[in-house]
Each structure stands twice: as structure tokens, then as C-alpha cells.
Amino acid sequence: PEALKTFACSLEVAKQMGDRLGAGIILANMSIVTNVLEDYHTSGKYAQEAFVIFQTIGSEYQMAFPLRLMAYAAIHAGNLVYARELNLQSLKQNHSMGDEHRVGLYGNLVALAEILLAEKQFERAARLVSLVESHTEEDQRAFQEPDTLALARVRSAQEKKKFKQKADDETTLEEVIRELKL
């Protein structure tokens, strides 16, 4: 696609200029595009490259998102243990950044719901999706496209398998995070 060609040109320019942060952001964007195109393997590779750059330059602010994209790639490769590890790393990073990264936390919970779905833990996946939907409606926050697509996959599975579970009205995001034992 044209977007990937444009990003590839931009990546070359960023590398020539020595702009490592810019290169990492471009790679993260390339990961988003390939995820949306359902080329999860390539998406994971771009996300890994972005993560390494962010880690090398010490940009903790940027590291959580490529970890989540790597988790999506691992889910689609069938490596659920690794996907869970990556997603929990990302979730910890987002949680440590506070409210500014709340949409990232919601994305992590969507990724976890997709992992639970793949593990056939349907009710737990449904509970997470219900919680995320109730909180994102309140917050009016927009997901990144990979999270929107993952949420749609979990919803679709809910409809096909007829499993539903509402989150307890009293369940808070912090309670769910505590349950994950970060």
C-alpha cells in the first residue's frame, strides 16, 4: 500500500538525519498499518524494531504501544504465553504513566480479552470487554485501530458463541489491574 511506501521513505530520511525517536514512531505507524492489513507477522517485526529504538534511547513514554502491537502479533501466531507477557509489560508501562496513558490501559485490556478468547476463557473475555466498553463510553477516548479491530473480533466471537457477561457495575479499572497482580 501507498502508506507503507510513504512511511518507508520517511524512515530513511529519519535514519539519515539521526532522528531515532522519529524512526521509532514511523516504525510504530508501519506496525499499525500492517496490523490493520492483517499481516500480523510483519506488524510484530516493525513493532519490535520500534520498541528496541525506544528502549535504546530511553523513551519510556513510547515503549508501551509497540509492546501491545507485538502482543497482537504473538496472539495471531498462536503464542499466547508470549502475547500475555508482552501485553502485561505494556500494561505495566501504561499504568505507570498515569491517566495520560489510560487509553493504552484500555487497549491492553482489549488485547487481554483477545488472549482469553483464544484460551477459550469466554466469560472472562466478555467481562473485560464489558468493563472496557463501560469505561471508554464514560471517558470518550478513542482506541488505536489495532485495538478497535481486536475489540470487534472479541464482540464477533461473543455473538457467534452466545457468551455474555456484564462487568459488575462496581468494578473499577484499578480493581481489574490489581487482579492482574502487576
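Cut-offs used in this document
- Residues numbered from 1 in each chain as written.
- Predicted model: local features only at pLDDT ≥ 70, side-chain atom pairs only at ≥ 80, totals over all residues.
- Heavy atoms only, no water.
- Helix = DSSP H or I, 4+ residues; strand = E, 2+ residues; numbered from the N terminus.
- Buried < 20%, exposed > 50% of the residue type's maximum accessible area, 1.4 Å probe, protein only.
- Contact = heavy atoms within 4.5 Å.
- Expected span 1.5 Å × (residues − 1).
- Arc of directions from axis to C-beta.
- pLDDT = per-residue confidence, 0-100.
- Core = buried A, V, L, I, M, F, W, Y, C linked by side-chain atoms within 4.5 Å.
- Salt bridge = Lys/Arg side-chain N within 4 Å of Asp/Glu carboxyl O.

A short note on the side chain of Asn108
Position of Asn108 relative to the elements: it lies in helix H6 (residues 102–118). A relative accessible area of 0% places Asn108 in the buried class. If sequence neighbours within four positions are ignored, Asn108 has contacts with Arg68, Asn87, Ser90, Leu91 and Asn94.

Structural notes on helix H8 (residues 145–161)
With 17 residues, H8 extends 24 Å from end C-alpha to end C-alpha; this agrees with the ideal 24 Å at 1.5 Å per step. Turning to H8, its buried residues number three or more, namely Pro146, Asp147, Ala150, Leu151, Val154, Ala157 and Gln158. Taken down its axis, H8 places every buried residue within 135 degrees of arc, on the same side. The exposed set on the far side of H8, more than 90 degrees from its buried face, consists of Glu159 and Lys160.

A look at the confidence of the model for the protein chain
Of the residues in the protein chain, 86% reach a pLDDT of 70 or more, and the chain-wide mean stands at 89. Of all helices and strands in the protein chain, the one with the weakest mean pLDDT is helix H9 (residues 173–179) (65), whereas helix H3 (residues 40–57) scores best (98).

Some points on the nonpolar core
Counting residues in each nonpolar core, the largest one holds 50 residues, and the members touching the most others are Leu27, Met30, Tyr72 and Val110. Elements with a minimum of two residues in this core: helix H1 (2–17), helix H2 (20–36), H3, helix H4 (60–76), helix H5 (80–96), H6, helix H7 (122–139) and H8. Ranked by residue count, the leading element in this core is H6, at 10 residues. When near neighbours in sequence (up to four residues on either side) are disregarded, Tyr72 contacts Asn35, Gly107, Val110, Ala111, Glu114, Pro146, Asp147, Ala150 and Arg153.

Digging into the pattern of salt bridges
Under the defined criterion, the tally for this structure stands at five salt bridges. Residues Glu119 and Arg84 are paired through a salt bridge, measuring 2.6 Å at the closest nitrogen-oxygen approach. Of the two residues, Glu119 sits in the loop between H6 and H7 while Arg84 sits in helix H5, which places them 35 residues apart along the sequence. The partly exposed category is assigned to Arg84, whose relative accessible area is 24%. Between Arg155 and Glu133 there is a salt bridge, and its shortest N-O distance comes to 2.4 Å. Taken together, the residues span a long stretch of sequence, with Arg155 in helix H8 and Glu133 in helix H7 at a distance of 22 residues.

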